Amino acid sequence: MDGTQASQIRTLLLEAADAIDRANAIVSTLDSDDRALLAIPLDEISSTLHFELLQKLYLRYRGLAEEGEAWNGAMV
């Protein structure tokens, strides 16, 4: 993987994170049964995306960390 590919992957992962955030906003308005069904899996996906996938990209390509983010190997 080169820097261009890493940047493209990062862009897509951040778009996915935004979509998950929008889904979570809708899920939070559902009744408790439906909310319970969807909230935990969405949180797990979000955690994996941020703390595994993006973190690995940022560790390998430090310049990809978002501007203004104090990247030191841990998500802030």
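**Thoughts on the nonpolar core**
- Judged by nonpolar contacts, the single largest core of 14 residues is most densely connected at A6, L13, L49, L54, L57, Y58 and L64.
- For this core, the elements supplying multiple residues, two or more each, are α1 (3-27) and α2 (32-60).
- Per-element tally for this core: the top contributor is α1, with 6 residues.
- The contacts of L64, once residues within four sequence positions are left out, are A6, S7, R10, L57 and Y58.

**Digging into the environment of L64**
- Tracing the sequence through the fold places L64 in the segment after α2.
- L64 sits in the buried class, given a relative accessible area of 13%.
- C-alpha separation for the pair L64 and R10, spaced 54 residues apart in sequence, amounts to 7.7 Å.

**A few points about α1**
- Under the 1.5 Å per step criterion, the end-to-end length of α1 is 35 Å for 25 residues, consistent within 8% with the ideal 36 Å.
- Looking at α1, one finds that the buried residues are A6, R10, L13, L14, A17, I20, N24 and V27.

The rules behind these values
- Residues numbered from 1 in each chain as written.
- Predicted model: local features only at pLDDT ≥ 70, side-chain atom pairs only at ≥ 80, totals over all residues.
- Heavy atoms only, no water.
- Core = buried A, V, L, I, M, F, W, Y, C linked by side-chain atoms within 4.5 Å.
- Buried < 20%, exposed > 50% of the residue type's maximum accessible area, 1.4 Å probe, protein only.
- Helix = DSSP H or I, 4+ residues; strand = E, 2+ residues; numbered from the N terminus.
- Contact = heavy atoms within 4.5 Å.
- Expected span 1.5 Å × (residues − 1).

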